[in-house]
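Take a look at the letters that make up each chain.
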Amino acid sequence: MRKRIGPKPLIFPMPAVLVGTYSEDGTPNAMTAAWASVCCHRPVCVGVAIRKSRLTFANLQQNQAFTLAVPNTSLAAKVDFLGIVSGAKEPKKLSVADIETVKGDTVNAPILIDCPVNLECTLVEQVALGTHTFCIGEVLETQVDEAVLTDMGSVDASRLDPLIYVTSESKYRALGEVVGQAFEDGKQYISV
């Protein structure tokens with residue numbers, strides 16, 4: 001039996017990412033976001049939903065650039081802190097969380113050294129949707145910690161150990177086991 005529960009954003013899993021920006025005075029800032037996604041393959045674009053009331057949104061408007069950093073599960077408490085404390089009230093919140101930053105190579109936004117993956121993005125589009133604005137950025141560069149790369153140069157999800165957010169539970173989780181091979185397992189349903 002199925003039960004109607006009304007409109008809910010129940011898409012699983014959602015990455016817990018950190019959106020990095022610089023404040024007007026050049027202070028690095030980051031906020032936690034779970035509503036992020038790949039938007040396009042060519043050009044490579046990603047998007048993230050941000051409330052207009054957030055300092056990150058104002059910073060993004062000013063600099064037209066941001067980073068999306070993918071934290072691993074060991075950073076869960078720090079990621080949570082960066083989501084519940086506003087940079088407007090605690091401008092040095094990255095220092096408080098002991099998250100090291102360096103300037104991005106291609107955009108005016110900070111790289112979060114503690115996160116194994118950082119996407120350097122320039123803002124290309126915004127869509128106001130109500131409580132949030134979906135900010136789309138073209139990825140100009142990707143910085144990856146060599147420890148999470150395979151010998152072939154791709155990111156190994158088990159080495160990355162990305163932090164996942166589950167909206168309905170307000171909990172952070174880890175990825176589970178491999179259950180299939182993409183672009184291969186479904187071939188059994190293709191008629192010859």
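Predicted model only: the values in this text are computed from it and were never measured.

Peer 1: What should I look at first to understand the packing of aromatic side chains in this one?
Peer 2: Both the distance between ring centres and the angle between the ring planes are used here to describe each pair of aromatic rings. Going through the model one piece at a time under the given rule, you end up with one aromatic pair. On the numbers, 5.8 Å between centres and 55° between planes, the contact of Tyr165 with Tyr172 is tilted. Judged by its relative accessible area of 28%, Tyr172 is partly exposed.

Peer 1: Just to check I follow, could you spell out unusual backbone geometry for this structure?
Peer 2: A negative phi holds for most residues other than glycine; trans holds for most peptide bonds. Backbone torsion omega between Phe12 and Pro13 reads -20°, so that peptide bond is classified as cis. One can find Pro13 in the segment before β1 (14–15). Backbone geometry places Asp161, a non-glycine residue, at a positive phi of 50°. Residue position: Asp161 is located in the loop between α4 (157–160) and β11 (164–166). Residue classification places Asp161 among the partly exposed positions, given a relative accessible area of 28%.

Peer 1: What's the story with the nonpolar core in this structure? I'm lost.
Peer 2: Note on soluble globular proteins: their nonpolar side chains tend to be buried together. Core analysis: the biggest nonpolar cluster contains 21 residues, and Val19, Val48, Ile50, Phe66, Leu68 and Leu119 have the highest contact counts within it. When residues of this core are traced back to their parent elements, those giving at least two are β2 (17–22), β3 (28–33), β5 (45–50), α1 (55–63), β6 (65–70), β9 (117–128) and β10 (133–144). Ranked by residue count, the leading element in this core is β9, at four residues. If we skip the residues at most four places from it in the chain, Val48 touches Val19, Ala33, Trp35, Ala36, Phe66, Leu68, Thr133, Phe134 and Cys135.

Peer 1: Is there a simple way to explain the side chain of Glu120 in this structure?
Peer 2: Relative to the helices and strands, Glu120 resides in strand β9. Within the buried set, Glu120 has no salt-bridge partner at all; the shortest N-O distance to an opposite charge, 7.5 Å, is to Lys103. Apart from residues no more than four positions distant in its own chain, Glu120 is found in contact with Phe66, Thr67, Gly104, Asp105, Thr106, Val107, Ile111, Glu138, Val139, Leu140, Glu141 and Gln143.

Conventions adopted
Residues numbered from 1 in each chain as written. Predicted model: local features only at pLDDT ≥ 70, side-chain atom pairs only at ≥ 80, totals over all residues. Heavy atoms only, no water. Phe/Tyr/Trp six-rings, centres within 6.5 Å; stacked < 30°, edge-to-face > 60°. Buried < 20%, exposed > 50% of the residue type's maximum accessible area, 1.4 Å probe, protein only. Helix = DSSP H or I, 4+ residues; strand = E, 2+ residues; numbered from the N terminus. Core = buried A, V, L, I, M, F, W, Y, C linked by side-chain atoms within 4.5 Å. Contact = heavy atoms within 4.5 Å. Lys, Arg positive; Asp, Glu negative; His and termini not counted. Salt bridge = Lys/Arg side-chain N within 4 Å of Asp/Glu carboxyl O.

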